[in-house]
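Listed below, chain by chain, are the residues.
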Amino acid sequence: MLPHPITGAPFPSPVPPGTGWPEDPARPRTSRARDGEQVAALAASTRTLDQLDARSSTCRACPRLVDWREQVARTRRRAYADQPYWGRPGPGLGDQHPRLLIVGLAPAAHGANRTGRLFTGDRSGDWIVGALYRAGYANQPTSEHAGDGLELSGARIVAAVRCAPPDNAPTPAERATCAHWLRREIELVTPSVTGVLALGQIAWTATFAALSALGWQVPRPRPAFGHGAKTHVAPPATGSPTTQPTVAVVGSYHVSQQNTFTGRLTEPMLDEAIAACGPAPNR
């Protein structure tokens with residue numbers, strides 16, 4: 001067991017649910033999916049975001065991903081050899097009633113898979129959280145570890161695939177299994193969301209697949225991904241005489257080190273993509 005960098009409490013790697021890790025949404029007896037059918041059933045029966053976060057953070061449905069994330073947690077990178085690793089799926093992060101929903105690819109092996117929070121503990125997290133801070137969605141410009149005080153207001157971050165995959169490449173079957181969590185998350189935030197930012201091609205594809213499966217009005221053919229690509233979608237009709245405003249879906253290059261180091265994605269480009277989703281609540 002090793003001490004948590006923020007609290008100093010000792011934890012094994014990977015971290016069992018409900019043992020005191022900061023921001024852990026699960027409890028020891030939280031329901032755990034062990035195959036795709038159980039993921040679908042648990043996601044469909046989930047009533048709140050808190051419950052969704054808890055259930056998705058204990059998922060064990062994809063054997064390859066479970067083996068990989070836990071192997072990384074046990075072996076650890078030399079730079080973090082003195083820290084425990086979360087080693088579980090990354091639950092959603094942020095506001096329960098967001099205006100902006102950000103969809104990423106998957107947790108990084110030594111980022112969220114280590115810290116237990118999406119886009120936390122690596123350079124990708126520095127970029128997206130820094131941009132959210134500049135836009136007025138975050139209370140601080142850095143995201144170093146769960147428990148460091150980060151709060152998002154008006155924004156929520158989720159991953160298309162919630163486990164760290166080998167080579168950052170989930171299989172089509174793994175994407176399909178995890179899509180149940182994403183679809184349910186979108187359902188739960190639909191009443192408040194006015195903009196969706198998709199970080200990268202996989203997130204863009206997963207977002208439109210989820211919206212289509214949920215009955216949203218999606219352009220045909222589906223819009224092609226590109227940085228700054230923007231389209232509008234509408235939620236399913238509810239029969240109400242009041243029509244809910246359409247939701248903007250905006251594409252952005254992923255905040256990966258490959259993109260940011262090479263200049264393919266710059267801070268102004270990311271700021272513009274976030275702004276295209278709509279204004280922050282406090283602006």
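Read on for an overview of the structure. In this text the structure is predicted, and so the values were computed from the model without any measurement. (Residues numbered from 1 in each chain as written. Predicted model: local features only at pLDDT ≥ 70, side-chain atom pairs only at ≥ 80, totals over all residues. Heavy atoms only, no water.)

## Examining the overall build of the protein chain
To keep things clear, this is the line we draw: Think of it this way: any DSSP run of H or I at least four residues long counts as a helix, any run of E at least two long counts as a strand, and we number them from the N terminus. With the radius of gyration taken over C-alpha atoms, the globule rule is written as 2.2 Å times the number of residues to the power 0.38. Burial status follows relative accessibility: with a 1.4 Å probe on protein chains alone, a residue under 20% of its type maximum counts as buried, one over 50% as exposed, and anything between as partly exposed. The contact definition used throughout considers only heavy atoms, calling two residues in contact when any of these lie within 4.5 Å. Surface accessibility follows the Shrake-Rupley procedure with a 1.4 Å probe radius. Residue values consider only the protein chains on display as shielding. We treat Lys and Arg as the positive residues and Asp and Glu as the negative residues; His and chain ends play no part in the count. Charged groups are reduced to one reference atom each: NZ for lysine, CZ for arginine, CG for aspartic acid, CD for glutamic acid.
Looking only at helices and strands, the protein chain has 9 helices and 8 strands in total. On C-alpha atoms alone, the protein chain measures out to a radius of gyration of 18 Å, which is about the 19 Å that the 2.2 N^0.38 rule sets for 283 residues. With 283 residues in all, the protein chain has 53% of them scored as buried. Pairs at least 24 apart in sequence give 70% of the contacts found in the protein chain among residues at least 6 apart. Total accessible area computed for the protein chain in this model is approximately 12,400 Å², and 51% of it derives from carbon and sulfur atoms. Both charge centroids of the protein chain, one from 29 positive and one from 22 negative side chains, sit 4 Å from each other.

## Comments concerning the packing of helix α6 (residues 172-189) against helix α7 (residues 201-213)
So the rule is basically this: Fitted lines through C-alpha atoms give the axes, limited to the stretch in contact for helices. The angle between two N-to-C directions lies from 0 to 180 degrees. Should the near helix be turned anticlockwise from the far one by less than a right angle, the crossing is left-handed, and should it be turned clockwise, the crossing is right-handed. As a working rule, the residues Ala, Val, Leu, Ile, Met, Phe, Trp, Tyr, Cys and Pro are called nonpolar, Asp, Glu, Lys and Arg charged, and the rest polar, with Gly in that last group.
Interaxial distance between α6 and α7 falls to 9 Å at its minimum, and their mutual angle equals 65°. Where α6 crosses over α7, the two elements pack in a sense that is right-handed. Two secondary-structure elements touch here, α6 through Arg-175, Leu-182, Arg-183 and Ile-186 and α7 through Ile-202, Ala-206, Ala-210, Leu-211 and Ala-213. Grouping the constituent residues of the contact of α6 with α7 by class yields 7 nonpolar, no polar and 2 charged.

## Topic: the packing of helix α1 (residues 36-45) against α6
For clarity, the threshold we go by: Any angle between 65 and 115 degrees counts as roughly perpendicular, while under 35 counts as roughly parallel, over 145 as roughly antiparallel, and the rest as oblique.
α6 packs onto α1 with a crossing angle of 5° between their chain directions and a minimal axis gap of 8 Å. With respect to each other, α1 and α6 are oriented roughly parallel. Seen from α1, the contacting residues are Gly-36, Val-39, Ala-40, Leu-42, Ala-43 and Ala-44; seen from α6, they are Thr-177, His-180, Trp-181 and Arg-184. In the contact of α1 with α6, the residues fall into 6 nonpolar, 3 polar and 1 charged.

## Details of the packing of aromatic side chains
For any pair of aromatic rings, geometry is given as the distance between the ring centres together with the angle between the planes. The following threshold applies: A pair of Phe, Tyr and Trp rings is counted when the ring centres sit within 6.5 Å of each other, with Trp represented by its six-membered ring. The angle between the planes then sorts it: under 30 degrees is stacked, over 60 is edge-to-face, the rest tilted. We call a charge positioned over a ring when the NZ of a Lys or the CZ of an Arg lies within 6 Å of the ring centre and within 35 degrees of the ring normal.
Following the criterion strictly, the structure yields 5 aromatic pairs and no others. Here Trp-204 and Phe-225 contribute two aromatic rings whose centre-to-centre distance is 5.8 Å and whose plane-to-plane angle is 65°, an arrangement assigned as edge-to-face. With a gap of 21 residues between them, Trp-204 in helix α7 and Phe-225 in the loop between α7 and β7 (230-233) connect regions that are remote in the sequence. One aromatic cluster is present, built from ring pairs that chain together Trp-204, Phe-208, Phe-225 and Tyr-253. Across from the ring centre of Trp-86, 4.0 Å away, lies the NZ or CZ of Arg-88, which sits over that ring. Here the guanidinium or amino end of Arg-264 rests over the ring plane of Tyr-253, the centre of that ring lying 3.8 Å away.

## Digging into the sheet that holds strand β5 (residues 155-159)
Selection criterion: Two strands are counted as paired when DSSP detects at least two bridges linking them.
The 6 strands lie next to each other as β3-β5-β4-β6-β8-β7, forming an open sheet whose pairing is mixed. Each edge of the sheet is formed by a strand with only one pairing partner; in this case those strands are β3 (93-94) and β7. The pairing of β7 with strand β8 (residues 247-252) spans 4 bridges and is antiparallel. Residue pairing across strands places Lys-230 opposite Val-250, the latter belonging to β8. Together, β4 (100-104), β6 (195-199), β7 and β8 form the strand contacts of helix α9 (residues 267-276), whose direction differs from that of β8 by roughly 165°.

## Topic: unusual backbone geometry
Put simply, Ser-13 and Pro-14 share a cis peptide bond, and its omega is -5°. Looking at where Pro-14 falls in the secondary structure, it is placed in the loop between β2 (10-11) and α1. With an omega dihedral of -5°, the bond running from Arg-220 to Pro-221 counts as a cis peptide bond. Looking at the secondary structure, you find Pro-221 in the loop between α7 and β7. One non-glycine residue, Arg-76, lies in positive phi territory at about 60°. By relative accessible area, which is 26% here, Arg-76 ends up partly exposed.

## Some details on the pairing of β6
Of all 5 residues in β6, 5 are buried, a share of seventy percent or more. As paired elements, β4 and β6 share 4 bridges and run parallel to each other. The residue bridging Leu-100 from the neighbouring strand is Gly-195, located in β6. Bridge analysis of β6 against β8 gives 5 bridges, and the strand direction is parallel. Across the sheet, the residue bridging to Leu-199 is Ser-252, located in β8.

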